[in-house]
Amino acid sequence: MTSFAYTFADSATMLRRNLKHQLRYPSLTLMLAGFPIVFLLLFVYVFGGQLGTGLGGHGAGGRGAYLTYVVPGILIITVASAALGTAISVATDMTGGIIDRFRTMAISRGAVLTGHVIGSLLQTLAVLALVTGVSLALGFRPDASALEWLAAAGMLALFAFALIWLSAALGLAAKSVETASNTPMFLSSAFVATATMPAGLRQFAEYEPFTPVTQTVRGLLTGGPIGTQAIAANAWSVGIALASYLWAVRLYNRRRAATQN
């Protein structure tokens, strides 16, 4: 019980450290929100009219229908974009030697990573709220009930938690901050339906983790079919989170900061 109390206290201390960094540099949070907002404006106002023509099942077609279709995908992009900041933050600590200093202090080892992850999760939720507000201002009008909104938020938070742990592990594995910043993006049905993709591309998009999460969130917000997508989305999220946590802890325990030239 005492060990748990110390671990909790250490995690809270590391969380405060990361939140102070975020408050000191609010431009980073705005930058993480800016990327998906630019994508939203680009796809809705430049391509939305034509891409929305074939979305008969999402309203009358056109730009309004495409806005309804694309917003859930933009929210997933927001999660992935915000998670990238975790890799950069962890890599900065790792290459700067601060984590080696933490190892010499009476701090629970898991607390350092937990502080990064929880801090990034709170930042991601704030960015998601901002992007959702912009979407509503542009005319996004989902049919979701309060319970469906809550379920969609829970799905996004769970997937964000998984990607943040993955990004933390990638940040620990990176040899430099520049390497961590090159974390790859993804391909899914965020912008176009998988049925319209070429055969090979469609098969990849259908079986990677982002597509079931996107389809689940889209179904919850717009009243579309979900089927087994929710099961796949939760399975991917839990699997990624668990594997990434174990990988991150292993890297943290074994790796040392790179020697500065």
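The rules behind these values
- Residues numbered from 1 in each chain as written.
- Predicted model: local features only at pLDDT ≥ 70, side-chain atom pairs only at ≥ 80, totals over all residues.
- Heavy atoms only, no water.
- Helix = DSSP H or I, 4+ residues; strand = E, 2+ residues; numbered from the N terminus.
- Buried < 20%, exposed > 50% of the residue type's maximum accessible area, 1.4 Å probe, protein only.
- Contact = heavy atoms within 4.5 Å.
- Areas by Shrake-Rupley, 256 points an atom, 1.4 Å probe, with all protein chains shown as cover.
- Expected span 1.5 Å × (residues − 1).
- Core = buried A, V, L, I, M, F, W, Y, C linked by side-chain atoms within 4.5 Å.
- Phe/Tyr/Trp six-rings, centres within 6.5 Å; stacked < 30°, edge-to-face > 60°.
- Lys NZ or Arg CZ within 6 Å of the ring centre and 35° of its normal.
- Axes fitted to C-alpha atoms, helices over the stretch in contact; angles between N-to-C directions.
- Parallel < 35°, antiparallel > 145°, perpendicular 65-115°, else oblique.
- Left-handed = near helix turned anticlockwise from the far one by under 90°.
- Patch = residues over 30% accessible without salt bridge, like charges linked within 9 Å, V, L, I, M, F, W, Y side chains within 5 Å.
- Salt bridge = Lys/Arg side-chain N within 4 Å of Asp/Glu carboxyl O.
- Polar contact = N/O pair within 3.5 Å; in protein donor to acceptor, adjacent residues only side chain to side chain.

> Explain the overall build of the protein to me, please; I cannot follow it from the model alone.
Secondary structure assignment for the protein yields ten helices and zero strands. Scanning the protein from its N terminus toward the C terminus, one meets helices and strands in the order α-α-α-α-α-α-α-α-α-α. Residues counted as buried form 45% of the 261 residues belonging to the protein. Considering only intrachain contacts with a sequence separation of at least 6, the fraction spanning at least 24 residues in the protein is 80%. Carbon and sulfur atoms provide 67% of the accessible area of the protein, an area that totals close to 12900 Å².

> So what exactly am I meant to see when it comes to helix 3 (residues 63–96) here?
In an α-helix there are 3.6 residues to a turn, and that puts residues three or four apart on one side. Look at helix 3: 47 Å from first C-alpha to last across 34 residues, which is about the 50 Å you get at 1.5 Å a residue. For helix 3, the buried fraction is high: 27 of the 34 residues fall into the buried class.

> How do you make sense of the nonpolar core when you look at a structure like this?
In globular proteins that are soluble, nonpolar side chains generally tend to be buried together. One finds L172 and V217 to be the most contacted residues of the largest nonpolar core, which totals 53 residues. Among the secondary structure elements, those contributing two or more residues to this core are helix 2 (26–51), helix 3, helix 5 (109–138), helix 6 (146–173), helix 9 (210–222) and helix 10 (229–254). It is helix 3 that provides the largest number of residues to this core, a total of 15 residues. With residues up to four places along the chain from it excluded, the contact list for V217 reads P72, I76, A152, M155 and L156.

> Before we go on, may I ask you to explain the packing of aromatic side chains in this structure?
The description of an aromatic ring pair uses the distance of the two centres, along with the angle that the planes make with each other. Taken as a whole and assessed by the stated rule, the structure comprises five aromatic pairs. Pairing F161 with W165 gives two aromatic rings, centres 6.5 Å apart and planes at 85°, and the pair type is edge-to-face. Linking F161 with W165, this pair stays in helix 6, spanning four residues, or about one helical turn. Among the aromatic side chains, those forming a connected cluster through ring pairs are F161, W165 and Y245. If you follow R218 out to its NZ or CZ, it ends over the ring of Y69, 3.8 Å from the centre.

> How should the packing of helix 6 against helix 9 be read in this particular structure?
Axis angle and axis distance: for two packed helices, these are the angle between their axes and the distance between the axes, and together they describe the pair. It is at 8 Å that the axes of helix 6 and helix 9 come closest, and there the two elements cross at 160°. The orientation of helix 6 relative to helix 9 falls into the category roughly antiparallel. Here the hand of the crossing between helix 6 and helix 9 comes out left-handed. Residues E148, W149, A151, A152, M155, L156, F159 and L163 of helix 6 touch helix 9, and the partners they reach there are F210, V213, T216, V217, L220 and L221.

> It is not clear to me how a nonpolar patch on the surface should be interpreted in this structure. Could you clarify?
A contiguous nonpolar patch, built from L41, L42, Y45 and V46 and spanning about 350 Å² of accessible area, is present on the exposed surface. Checked against the element boundaries, Y45 lands in helix 2.

> Help me understand the side chain of T86 in this model?
Topologically, T86 is positioned in helix 3. Within the structure, the side chain of T86 is placed 2.9 Å from the side chain of S120, a separation counted as a polar contact. When sequence neighbours within four positions are dropped, the list of residues in contact with T86 reads S120, I164, S167 and A168.

> Even after reading the chapter, I still don't get the environment of A111, so can you show me in this structure?
Tracing the backbone shows A111 in helix 5. The exposure class of A111 is buried, given its relative accessible area of 0%. A sequence separation of 99 residues divides A111 from A12, and the C-alpha atoms of the two residues are 8.0 Å apart.

> Sorry if this is basic, but what is going on with the environment of A12 here?
Note on placement: A12 falls in helix 1 (residues 2–24). On the basis of relative accessible area, A12 is assigned to the partly exposed category, the value being 25%. Between the C-alpha atoms of A12 and I118, which are 106 residues apart in sequence, the distance is 9.5 Å.

Spatial relationships are all this shows, so hold off on functional conclusions.
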